[in-house]
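# Architecture at a glance
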Amino acid sequence: MSLQDQARGIIQALLTDPEAASVEATLHSLLAAHPDDHVAVLREHLILIRGLDRAPRDGTGIATEPRAWPHS
C-alpha cells in the first residue's frame, strides 16, 4: 500500500467518523486545495491541529488566541 493510499484511508476515516465532525470542513477545504495529493492534505491537517494544541487556553480549555494557517 502506497503512502498516498494510506493518507487517503486516514482522511476517509476522519471524514466518516462522527467524533471527528469538527474537522470535516477543514479537510474538505484542504482536499479542494490539494485534490490529487492526500499526503499534503494529511500533512497540512496535522500541522493545523498541532498548532491548535499549542494555542494558549483559558480556564474552559478554549483557545484564547486562534492560530493562523502555517502558510498565511
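All values reported here derive from a predicted model rather than from experimental measurement.

## Some details on the environment of Leu 42
On the secondary structure map, Leu 42 appears in helix 3 (residues 38–53). For Leu 42, a relative accessible area of 13% corresponds to the buried category. Counting along the chain gives 32 residues from Leu 42 to Ile 10, while the straight-line C-alpha distance between them is 8.0 Å. Other than its neighbours up to four places away in sequence, Leu 42 contacts Ala 7, Ile 10 and Ile 11.

## Describing the confidence of the model for the protein chain
When pLDDT is averaged along the protein chain, the result is 81; 71% of the residues meet or exceed 70. At the level of individual helices and strands, the protein chain shows its lowest average pLDDT in helix 3, which scores 87, and its highest in helix 1 (residues 3–16), which scores 95.

## With respect to the side chain of His 45
Within the secondary structure layout, His 45 lies in helix 3. Sequence-distant contacts of His 45, that is, excluding residues within four places in its chain, are made with Leu 14, Val 23, Leu 27 and Leu 30.

## Some points on the environment of Leu 14
Within the secondary structure, Leu 14 sits in helix 1. The class of Leu 14 is partly exposed, set by a relative accessible area of 23%. Linking Leu 14 and Glu 24, residues ten residues apart in sequence, is a C-alpha distance of 7.6 Å.

## Examining the pattern of salt bridges
Counting across every chain of the model gives one salt bridge. Of the charged contacts in the structure, one is a salt bridge between Arg 8 and Asp 5, with a shortest N-O distance of 2.7 Å. In this pair, Arg 8 and Asp 5 both sit in helix 1, three residues apart, roughly one turn of the helix. Judged by its relative accessible area of 37%, Arg 8 is partly exposed. Taking the relative accessible area as the measure of exposure, Asp 5 reaches 35% and is therefore partly exposed.

Calculation criteria
Residues numbered from 1 in each chain as written. Predicted model: local features only at pLDDT ≥ 70, side-chain atom pairs only at ≥ 80, totals over all residues. Heavy atoms only, no water. Helix = DSSP H or I, 4+ residues; strand = E, 2+ residues; numbered from the N terminus. Buried < 20%, exposed > 50% of the residue type's maximum accessible area, 1.4 Å probe, protein only. Contact = heavy atoms within 4.5 Å. pLDDT = per-residue confidence, 0-100. Salt bridge = Lys/Arg side-chain N within 4 Å of Asp/Glu carboxyl O.

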